[in-house]
Amino acid sequence: MALVWATSAFAAQAQTSAETGADKAKDDVAEVVVTGIKRSNLKAINSKLGYRGVSDVVSANEVQALPDLTIVEALRRVPGLAALPTTDNEHPRDEAATPVIRGLGAAYNNVTVDGMPLASPGTPNANLGSNGRGVRLDLLPSSMISEMRVIKTFGADLDPNAIGGAVDLRTRSAFERGGKPFLTTEASLGGANDVGKPNDQERIGARLVSTGSLTFGSAKQFGVVVSANYQKLETFTNTHMTTDTVHYGFYNSAGVLQSGINLGSGIAVPQQDKYWYVQNSRERAGLTTKLEGRFSDTFYAFATLGYYRFRDTMARNELLIDPRNRGTVQNLTPTSGRYPAATIEVGYSVQKMTNATALAQGGFDWTLPDDQLLSGRVSLSRATYREPISMVKFITGLTYNAPGAGTTITPMPSLGFNYDTSGLNASFDVDPTVFYNLNNYQGFYYRPNYKRSASNNVNSVKLDYTRHLGRDDQGFGFGAGVTYTESQVEYNVYRDEYTPNNTLTSPLTLASVTGHNGAPLMYSNGKLNLLTIDPQRAWAAFYSHAASEFTRTNQDAFSNQDNFDLTEKNAGLYGLVAYNADRLRTQFGLRYDSVDLDSAGRQRINGVWKDRKANSSYDFVLPSALISYDLTDRIDVRFGASQTIGRPSYDAYAARSAINFVASTDQGNPNALGVTVTIGNPDIKPRLSNNVDLAFNWKLNNRDGGLVSLALFNKDIQDEIFSATTFGYTYEGVTYVNAAVSRPINATSASVRGVELAATMNSLEQLHPVLRPVGFSANWSVMEGSMDVLQASGTQRRLKGLVGQSNSIVNASVFYSHDGLELRAAYNKQGKALRSIVPDIFWQDMYWAPREQVDLQASYKVRNGVTVFAQASNVGHERMTSLTGPGKNLLKDTYSVPTIYWIGLRFTPSF
């Protein structure tokens, strides 16, 4: 309503401006000195309008003014962008990891630093090898950047691996602000409302950020920028979920489990009741140094070095109530029933994940006579991931067998329970007296030596030549360039596992190793508390027994089948022509893109693990066109058409097959539950997208500045990639009928279209003079997508949306800025989004539920250069929830997201 009212109020004034000329309008704006939030908005507006195509910009000041801990959290404020967590079934989801641009996930959006690619370790996915192409932006500090540009229309000079878009992180230059010295240093203390459950944690975290620059030399021709950051914060999340694979069973009126897509009487029953209580200690540190030189009026060069590390120590307490024999449910009603027996598992794991990224870049810009420019860039980057893990688990109903014969698990009738599914979160009503008898829980397994690792090296070189391609150049211009990038990827997993046997000389029960039990199981009707394991006591108990009392289970398959390495070589060549008139700007181009890759996985052949090698290649010729026209001095219209590609994730290419069992004793049991299989696809093809964009920008004529933008887009995608899940897998002569098999494949087609409306007004003075210090920014995106997926029968099923695509995204921010005081409230809402697909069983598709979040920020300039500030994120304590089922209304899992508070001091002296 405010947007409609305000734009109507400005309409007459904008028309007057067009008639009287731009000079007076510019003078009016120049008379006002704006600072803080208003200055960052103006900088972002000018950068957005200065780009030839359609883009959005977030300035460094904007990032500083929001309580966003990482770059990806700040990007969710951009029209058409959503921020999603990791999608594995192991790591917590209280922090966003990657952006989704116009409905397309991280693997198909470029991330560059000053225009050059960056290595990333991907998001390793629990027991399934994963090294995705998308850059995890939560690893990079906001202190290193001057602005973030989200590019939505593509010219031939850009890497075409960007169906959704590209995020370019522009580092600060020492020559900004006329080369004046610059320094900003921030120190703050913070904490989370969720902390210290079930074990003690540090309740106060710390954050230090500093960026400084200066120029030096006889003519101030050299510059240096140094940016450093450190942050440590401990948090806690609680999780409630069902199984990782099938999630629910459907029963007929007699309580008999149905199979396949048969829904029986339509009564759904969750297959497990699983709780995770996860404590995280997250530490981020980074250092960026940039050296620059203006060696003459025509020659500029720079060199950048960066190192960024993210360390997350995760301690997870797990409790799982599992009926195991699910074939029949007693006393079945639409919202209740009874399982006659069950087992309970209590587990503990510590996972120390370390991601590190090292970056080295260099380049030059050489201005030649007659408006010619020769530019060269070189970039070397390496990203690594290391995650050592130790795990221990206890379970009821366990019988130890002879050495080498595994164990037997029998559900206990005394743990039979009634369940209640009347709410979103089901409740399993286990008898507390049996539940709390800790002697019922026996040592199931321990994994002292379990580790995953991944690495990614990306080396790239780029050379560009242009003539008369400046935005304000008149007449014809042209450009050409060549790029070469080589990426090397490696993933490895290794695990040892030991299970007790019947030679055990003394009991190994939970009673002797239990820890704190104070955290309630949220949906147990207040009857049960979490059972936890004290890791030191647990390891001491295991090691107090002789080695012969344990059986080392054969983990060769687990440790070999998932490993892979891959080398991808990409060469690009482009040419473009442009024509600019007084109000018209055009650019047309062609890009040739060629990729050759080699991969090697591990496969068991005649009982021996051997390398399985594969090679593939592809070539594309991709056209593009960008056209813009200034309707008035303040209103322009922009059109873009292009073809772009989406290269498959590295792990999708890998020539490998991996099978994982919940317990080693499940191997050989054709009816085992929880079996997961991942298969690579070396022959998978990249996506190819035809993109069309139309956008309007209206720069408002008022002394504080503002902008209204409208963008429409359509993407028709061929060979859409998704991870298809089927059931049933034969391994070493045994067919596991319940195995969930995941394999990346190309769908026949997909599309996504949408509308993005955005407005920024630095002052509402036009409504009333008293509102002079008040401003707002808002954007609203609506997207509609579709995708055809191939089923085992050969038929296709159409889905209304792409994986990760929200149906709507809303951002709104209101701020007050006056006499050194700045207040800001920001609102973000992401609509429902498809999370994963099971092609043959539609009701097992998963969706992210709609989620909204409110963040607050306040700052006050105590004196010149000294500001105190306070920030709070997710003040409503909103959870992250996934849904499944025929009506998309059954719980898959729900994760808590803590409210985070920071208070600190910022020192920015004037030089």
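Structural data are supplied above this passage.
Residues numbered from 1 in each chain as written. Predicted model: local features only at pLDDT ≥ 70, side-chain atom pairs only at ≥ 80, totals over all residues. Heavy atoms only, no water.

A. Expanded view of the sheet that holds strand E5 (residues 116-117). Strand order across the open sheet formed by five strands is E1-E6-E7-E4-E5, with mixed pairing between neighbours. With one partner strand each, in any of the chains shown, strand E1 (55-59) and E5 form the two edges of the open sheet. With two bridges joining them, strand E4 (residues 110-113) and E5 adopt antiparallel strand pairing. In the strand pairing of E5, Val-113 is matched with Met-116. (Pairing = 2+ DSSP bridges. Helix = DSSP H or I, 4+ residues; strand = E, 2+ residues; numbered from the N terminus.)

B. Up close: the side chain of Lys-393. Mapping Lys-393 onto the fold places it in strand E18 (residues 372-396). There is a polar contact of 3.0 Å between the side chain of Lys-393 and the side chain of Glu-345. Excluding anything up to four places from it in sequence, Lys-393 contacts Glu-318, Glu-345, Val-346, Gly-347, Gln-442, Gly-443, Phe-444 and Tyr-445. (Polar contact = N/O pair within 3.5 Å; in protein donor to acceptor, adjacent residues only side chain to side chain. Contact = heavy atoms within 4.5 Å.)

C. Here's a closer look at the packing of aromatic side chains. Under the definition given, this model contains 27 aromatic pairs. Ring centres of Phe-295 and Phe-299 lie 6.2 Å apart, and the angle between their planes is 50°; this geometry places the pair in the tilted category. Judged by relative accessible area, which is 27%, Phe-299 ranks as partly exposed. Centroid distance Phe-444 to Tyr-445: 5.3 Å. Interplanar angle 50°. Geometry classified as tilted. Since its relative accessible area comes to 3%, Phe-444 is described here as buried. Three or more aromatic residues joined by ring pairs make a cluster, and in this case those are Phe-394, Tyr-446, Tyr-498, Trp-539, Phe-542, Tyr-543 and Phe-550. The ring centre of Phe-310 lies 4.2 Å from the NZ or CZ of Arg-284, which sits over that ring. Seen from the ring of Trp-848, Arg-835 lies directly overhead, with NZ or CZ sitting 4.9 Å from the centre. (Phe/Tyr/Trp six-rings, centres within 6.5 Å; stacked < 30°, edge-to-face > 60°. Buried < 20%, exposed > 50% of the residue type's maximum accessible area, 1.4 Å probe, protein only. Lys NZ or Arg CZ within 6 Å of the ring centre and 35° of its normal.)

D. Quick look at the sheet that holds strand E15 (residues 330-333). Strand order in this open sheet of four strands is E15-E16-E21-E22, and the pairing throughout is antiparallel. Each edge of the open sheet carries a strand with a single partner, namely E15 and strand E22 (427-429). Here the strands of the sheet are splayed against their neighbours by 25° on average, with no regard to which way each runs. Judged from the three bridges that link them, strand E21 (residues 417-420) and E22 form a sheet pairing that is antiparallel. Bridged to Asp-420 within E22 is Ser-427. (Axes fitted to C-alpha atoms, helices over the stretch in contact; angles between N-to-C directions.)

E. Representation of a nonpolar patch on the surface within the structure. On the surface, a nonpolar cluster with roughly 670 Å² of combined accessible area is contributed by Tyr-629, Leu-631, Phe-639, Val-692, Leu-694, Phe-696, Leu-710, Leu-712 and Val-755. Elements represented by at least two residues in the nonpolar patch include exactly strand E33 (687-699) and strand E34 (706-718). With three residues, the single largest contributor to the nonpolar patch is E33. On the secondary structure map, Leu-712 appears in strand E34. For Leu-712, a relative accessible area of 35% puts it in the partly exposed group. (Patch = residues over 30% accessible without salt bridge, like charges linked within 9 Å, V, L, I, M, F, W, Y side chains within 5 Å. Areas by Shrake-Rupley, 256 points an atom, 1.4 Å probe, with all protein chains shown as cover. Salt bridge = Lys/Arg side-chain N within 4 Å of Asp/Glu carboxyl O.)

F. A look at the pattern of salt bridges. The tally for this structure, following the rule as stated, stands at 37 salt bridges. For Glu-176, the salt bridge identified is with Arg-172, shortest N-O distance 3.3 Å. Close ionic contact of Asp-893 with Arg-835 constitutes a salt bridge, the shortest N to O distance being 3.3 Å. Of this pair, Asp-893 sits in strand E47 (residues 890-895) while Arg-835 sits in strand E42 (residues 833-836), and the two are 58 residues apart along the sequence. Taking relative accessible area as the criterion, Asp-893 reaches 1% and is therefore assigned buried. For Arg-835, a relative accessible area of 7% translates into the label buried.

Any link to function would need more than the numbers given here.
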